Amino acid sequence: MFKSRRGGLRSSWAHNLVGYPAIAAVTIMPMAPAYADIVAATDPTTGAQITATTITPGTSSTFNTAGGAVTQTGTLVTTGTIRNGVGYNVFSEFNVSNGTNVHMVQPDGTSALVNVVDGAGPSQIDGQVTFIKNNTTAGSNVFMVNSDGFIVGASGVINAGQLTMSTPAASHVADLLLEAQGTTTGATEDLFAGDEELNSSANIEVYGTINAERLELRAGARMVLDGTITVEDASGSGTVAPAVSTEGIQQATGVSVENGVIRLFAGGNVSVGSSARATAKRAGGAGGLIQGASGGTMTIAGGAQIDVAGRGSGSAGSVILYGENSAAMAAGSVIDASATAGSGGFASIQSSGNVTVAGEIAAGSDSSTKGAVVLKGDNVTVGNLTTAGGDLGVVADNSVTISGAISTRHVAVGGDALADVSTSASGDLLVFAPEIDVQSGAALRADGNNGQNGGLVGLIAYDRTTGVLWTFEGDDRAAEIDITNAEIRGGAVLINAYAEATNVFGDDADSLTEFSNEFESVQSRFESYLDTVADTVENVIARGPDLVNDLLIPLQVYDVSADAEITISGSTITGDGNWKNAGIAPTAGYTGDIAENGINMQSGLALAQYDLFTGQPIEITGTLLPQDWDPSVDSVYIHSHAATEVEISPFTIILAVGIAITDVDSQVKITDTDIASTAGDVALRSTASETNAINIASWPVAGLAGGLIISARDLDNQLLVDGGSSNAAGNLDARALTGITQTFSNVADAY
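Residues numbered from 1 in each chain as written. Predicted model: local features only at pLDDT ≥ 70, side-chain atom pairs only at ≥ 80, totals over all residues. Heavy atoms only, no water.

When you go through the chain residue by residue, the secondary structure sums to four helices and 56 strands. In the chain, which comprises 751 residues, the proportion classed as buried is 54%. For the chain, the proportion of contacts with a sequence separation of at least 24, taken over those separated by at least 6, is 72%. (Helix = DSSP H or I, 4+ residues; strand = E, 2+ residues; numbered from the N terminus. Buried < 20%, exposed > 50% of the residue type's maximum accessible area, 1.4 Å probe, protein only. Contact = heavy atoms within 4.5 Å.)

What follows concerns the pairing of strand β40 (residues 456-465). With eight of ten residues buried, β40 is to be regarded as a mostly interior element. Alignment of strand β37 (residues 429-432) against β40, held across four bridges, turns out to be parallel. Along β40, the bridge assignment pairs Val 431 with Leu 459. (Pairing = 2+ DSSP bridges.)

The next point concerns the pattern of salt bridges. For the structure shown, the criterion picks out 17 salt bridges. Of the charged contacts in the structure, one is a salt bridge between Glu 258 and Arg 282, with a shortest N-O distance of 3.3 Å. With a gap of 24 residues between them, Glu 258 in the loop between β22 (228-232) and β23 (261-266) and Arg 282 in the loop between β25 (277-281) and β26 (289-294) connect regions that are remote in the sequence. Among the residues examined, Glu 258 registers a relative accessible area of 35% and is labelled partly exposed. A salt bridge links Glu 500 to Arg 464, with the shortest nitrogen-to-oxygen separation between them at 2.9 Å. Here Glu 500, found in strand β43 (residues 492-504), pairs with Arg 464, found in strand β40; they are 36 residues apart in sequence, far enough to count as distant. Because the salt bridges share partners, they merge into one network encompassing Arg 409, Arg 445, Asp 447 and Glu 487. (Salt bridge = Lys/Arg side-chain N within 4 Å of Asp/Glu carboxyl O.)

With relative accessibility at 7%, the residue Glu 500 sits in the buried group. Side chain to side chain, Glu 500 and Arg 464 meet in a polar contact 2.9 Å long. With near-sequence residues (within four places) excluded, Glu 500 lies in contact with Asp 463, Arg 464, Thr 465, Arg 477, Ala 562, Ala 643 and Glu 645. (Polar contact = N/O pair within 3.5 Å; in protein donor to acceptor, adjacent residues only side chain to side chain.)

Here the focus is unusual backbone geometry. One non-glycine residue, Asn 84, lies in positive phi territory at about 55°. Mapped onto the elements, Asn 84 comes out in the loop between β7 (82-83) and β8 (86-91). The phi torsion at Ala 388 lies on the positive side, around 55°, for a residue other than glycine. Here Ala 388 lies in the loop between β34 (372-386) and β35 (391-402).

Counted by the stated rule, this structure contains five aromatic pairs. With centroids separated by 5.5 Å and ring planes inclined at 45°, the aromatic side chains of Phe 91 and Phe 94 adopt a geometry described as tilted. For Phe 91, a relative accessible area of 1% corresponds to the buried category. Classification of Phe 94 by relative accessible area gives buried; the value is 2%. Judged by centre distance (4.7 Å) and plane angle (35°), the ring pair of Phe 143 and Phe 192 falls under tilted. On the criterion of sequence distance, the pair formed by Phe 143 in strand β14 (residues 141-146) and Phe 192 in helix α2 (residues 187-193) is long-range, its members being 49 residues apart. Looking at Phe 143, the relative accessible area reads 4%, which means it is buried. For Phe 192, a relative accessible area of 27% translates into the label partly exposed. Through a chain of ring-to-ring contacts, three or more aromatic side chains come together here, namely Trp 579, Tyr 610 and Trp 629. (Phe/Tyr/Trp six-rings, centres within 6.5 Å; stacked < 30°, edge-to-face > 60°.)

Right, let's talk about helix α1 (residues 170-180) for a bit. In an α-helix there are 3.6 residues to a turn, and that puts residues three or four apart on one side. Turning to α1, its buried residues are His 172, Val 173, Leu 176, Leu 177, Glu 179 and Ala 180. Around the axis of α1, the buried residues are gathered within 160° of arc, so they sit on the same side. If you follow the buried residues of α1, they end up packed against β7, β8, β11 (112-117), β14 and α2. Once α1 finishes, Gly 182 follows within two positions and takes phi at roughly 105°, a positive value. (Arc of directions from axis to C-beta.)

Sheet strands associate in pairs through backbone hydrogen bonding, adopting either a parallel or an antiparallel arrangement. Pairing in this open sheet of three strands is antiparallel, and the strands run β46-β49-β50 from one edge to the other. The sheet terminates laterally at β46 (588-589) and β50 (623-626), the two strands that pair on one side only.

In this fold, Gly 273 is placed in the loop between β24 (270-272) and β25. Ignoring sequence-local partners within four residues, the contact set of Gly 273 consists of Leu 225, Asp 226, Ala 301 and Ala 304.

The biggest cluster of nonpolar side chains holds 101 residues, and the ones touching the most others in it are Leu 375 and Ile 638. Those residues in contact with Ile 638 that lie beyond four places of it in its chain are Ile 495, Ile 566, Ile 568, Ile 573, Val 668, Ile 670, Ile 675, Ala 683, Leu 684 and Arg 685. Within the second largest apolar cluster, 22 residues are counted, among which are Ile 320, Ala 492, Tyr 610 and Ile 620. (Core = buried A, V, L, I, M, F, W, Y, C linked by side-chain atoms within 4.5 Å.)

Turning our eyes to something else, we now look at the environment of Pro 626. With respect to the element layout, Pro 626 can be found in strand β50. Linking Pro 626 and Tyr 590, residues 36 residues apart in sequence, is a C-alpha distance of 10.0 Å. Discounting chain neighbours no more than four positions away, the residues touching Pro 626 are Asn 496, Leu 605, Ala 606, Leu 607, Ala 608, Tyr 637 and His 639.

In the predicted model, the chain carries a mean pLDDT of 83, and 80% of its residues have values of at least 70. Overall, residues 245-254 carries pLDDT values under 50, and its contacts beyond four positions in sequence, including any with other chains, amount to 30 contacts. Note on residues 540-554: pLDDT under 50 across the span, and 38 contacts to partners over four residues away in sequence or across chains. (pLDDT = per-residue confidence, 0-100.)

Let us now look at the pairing of β11. Counting buried residues in β11 gives six out of six residues, a clear majority hidden from the surface. Side chains Ala 112, Val 114 and Val 116 of β11 all project onto a buried face; the interleaved residues Leu 113, Asn 115 and Val 117 project onto the opposite face, where all are buried too. When β8 meets β11, the two strands line up parallel, connected through six bridges. Within β11, the position partnered with Val 86 by the bridge is Ala 112.

What follows is about the environment of Ala 688. Counting through the fold element by element, Ala 688 comes out in strand β54 (residues 681-699). Looking at Ala 688, the relative accessible area reads 1%, which means it is buried. With 48 residues separating them in the primary sequence, Ala 688 and Ala 736 have C-alpha atoms 8.3 Å apart. Leave out the neighbours within four places in its chain, and Ala 688 touches His 641, Ala 642, Val 664, Ser 666, Leu 715, Asp 716, Asn 717, Leu 737, Thr 738 and Gly 739.

Take a look at the structure:
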């Protein structure tokens with residue numbers, strides 16, 4: 001039974017149409033025989049139905065589905081209200097009980113059917129709802145709108161062509177009602193475009209089954225997916241390219257224009273439960289596209305399965321999931337973007353916060369181009385993870401922690417990704433972050449055997465800054481890689497930490513002129529400056545220049561430090577010399593003079609730019625690496641580099657002071673570790689560079705001018721190998737190199 005908006009009760013057997021001066025209800029009860037107690041919505045002022053909706057219980061309907069013709073007895077719902085080629089139904093409630101069938105008909109010749117449920121709580125779907133156009137479920141384009149949300153129960157089933165379920169704000173629903181009655185408000189257009197304002201307290205929960213050609217779910221608050229969603233386009237060709245912004249954040253609030261697509265958006269958290277099965281397919285065996293965005297957390301529970309795999313000769317599709325606050329995928333969950341004869345697909349899990357991932361994200365191909373997986377966040381933690389031969393890129397703004405075994409090896413289906421023989425080339429395994437921690441017991445495996453090539457295991461810690469400052473400000477850059485009791489093996493292994501702090505000071509003649517005009521007593525001010533010089537020098541040399549900003553001297557001060565460290569202990573590192581992309585060439589490189597050692601240029605380390613991760617919706621390009629790295633021969637390359645570069649050029653009034661404080665520390669410490677190449681070279685490097693150029697000139701005032709240069713420097717550079725073994729099939733080359741450049745010029749013209 002249901003309660004009307006006026007508070008009266010209506011018995012479950014009274015199924016005659018009764019008018020109320022309020023929005024009426026659609027309630028389908030689990031009765032025997034099953035029938036529907038449906039009352040179309042009415043206008044509270046006139047009492048007339050808002051839409052020409054006809055509801056006929058106990059109707060036998062025959063329609064075509066993907067599985068063939070179906071005949072069912074249920075409640076038939078049709079509408080005669082068509083505005084601008086769009087059909088409309090308006091209900092106050094829409095609840096379908098278990099064991100009940102409802103057939104919703106989209107009028108012939110219309111582009112869409114909009115069904116609005118107004119103000120009666122969330123719609124509960126426990127029976128079966130089928131949307132039909134031209135006697136078939138295919139081709140229908142249906143919008144279900146309820147500002148209070150939707151719940152598809154475990155026994156609930158929705159069958160449709162293109163289906164959108166949305167939870168707009170009450171004001172948007174009110175505008176849709178006006179449009180259904182012929183008043184143009186733009187609400188329908190906004191709904192179609194995905195621009196409707198959502199109710200921030202409305203949820204969408206799916207525990208049952210949704211079958212469609214295309215599906216969009218838009219929840220203003222929480223979304224729970226713990227049922228079965230199957231989207232299949234029987235006519236579309238090829239895969240669908242995901243819409244990704246320049247930062248890699250999925251824009252999931254728009255609309256899909258192609259079938260074979262699942263798009264999910266929630267203003268709050270998105271929870272993909274352990275029983276969730278989401279599949280997107282397109283014609284010809286191609287995989288579809290699944291995109292999801294959460295304004296809170298995106299969580300995938302163990303046991304969940306997301307499938308955009310390519311079948312037969314079809315290529316795999318894409319899965320892109322984003323959580324604003326955080327994103328997590330638990331062990332035991334599967335994202336399948338693999339292929340057999342077609343190309344592998346693409347999968348990405350991203351967040352502006354932390355990302356934690358374990359399980360299986362398959363993006364390989366048995367016989368064609370490999371796909372790729374990208375994990376991106378502020379801090380990223382990876383446990384046990386396999387990619388079935390797909391490339392893997394892990395990118396973090398702060399840190400990456402690897403706590404389990406990661407394998408990009410391609411082995412037989414159901415095989416052991418660490419122990420079984422390769423059946424195809426392995427994917428690359430690339431990690432980018434200022435801090436990388438490979439914890440005890442972890443493994444990074446991208447090796448290939450059985451005649452198959454391996455991938456590159458690349459751990460790249462990079463922290464670099466540039467800037468222009470006028471007053472004292474400290475700047476610390478750190479790139480750190482810590483590997484403890486771990487196993488690393490690939491076709492090639494690249495471990496690189498690069499930290500660089502740079503700054504170039506200039507002058508500002510307009511500011512200096514204004515400054516000089518403020519002098520009340522040039523002689524007394526100059527004497528005051530000289531009195532504080534001794535304190536300035538003492539303070540800086542003591543490496544505690546906290547008072548610099550309080551001094552009256554026009555200063556240019558830069559305190560920079562660069563710390564690059566690679567620490568490896570109790571581990572095994574092996575490069576097999578069969579990296580699949582060993583012939584890669586840099587996209588740009590240093591073309592000036594190189595030192596005789598072939599590594600340094602005059603002002604630091606010679607760098608080259610590589611595009612290591614391309615051809616995917618999210619690319620990792622422009623990676624700066626030592627130009628000394630030769631991927632064609634270096635099977636194991638370990639290099640730490642720290643650098644500071646400071647240029648100070650103050651052009652000031654009376655007294656100019658330039659202060660450079662630099663601290664450079666580059667360390668490669670390898671203890672009790674076995675390093676080997678089964679083919680190719682092993683190169684171990686620690687390099688450091690320091691470049692200081694201070695050129696000062698002061699404007700005289702009343703015949704007075706002075707200049708002061710202070711440079712405080714500290715540089716450490718060490719390559720240490722202690723215990724373990726180092727064996728190279730080719731050359732073994734270990735070097736620690738330091739470069740220092742100092743230039744000072746002090747001009748004080750008094751006249």
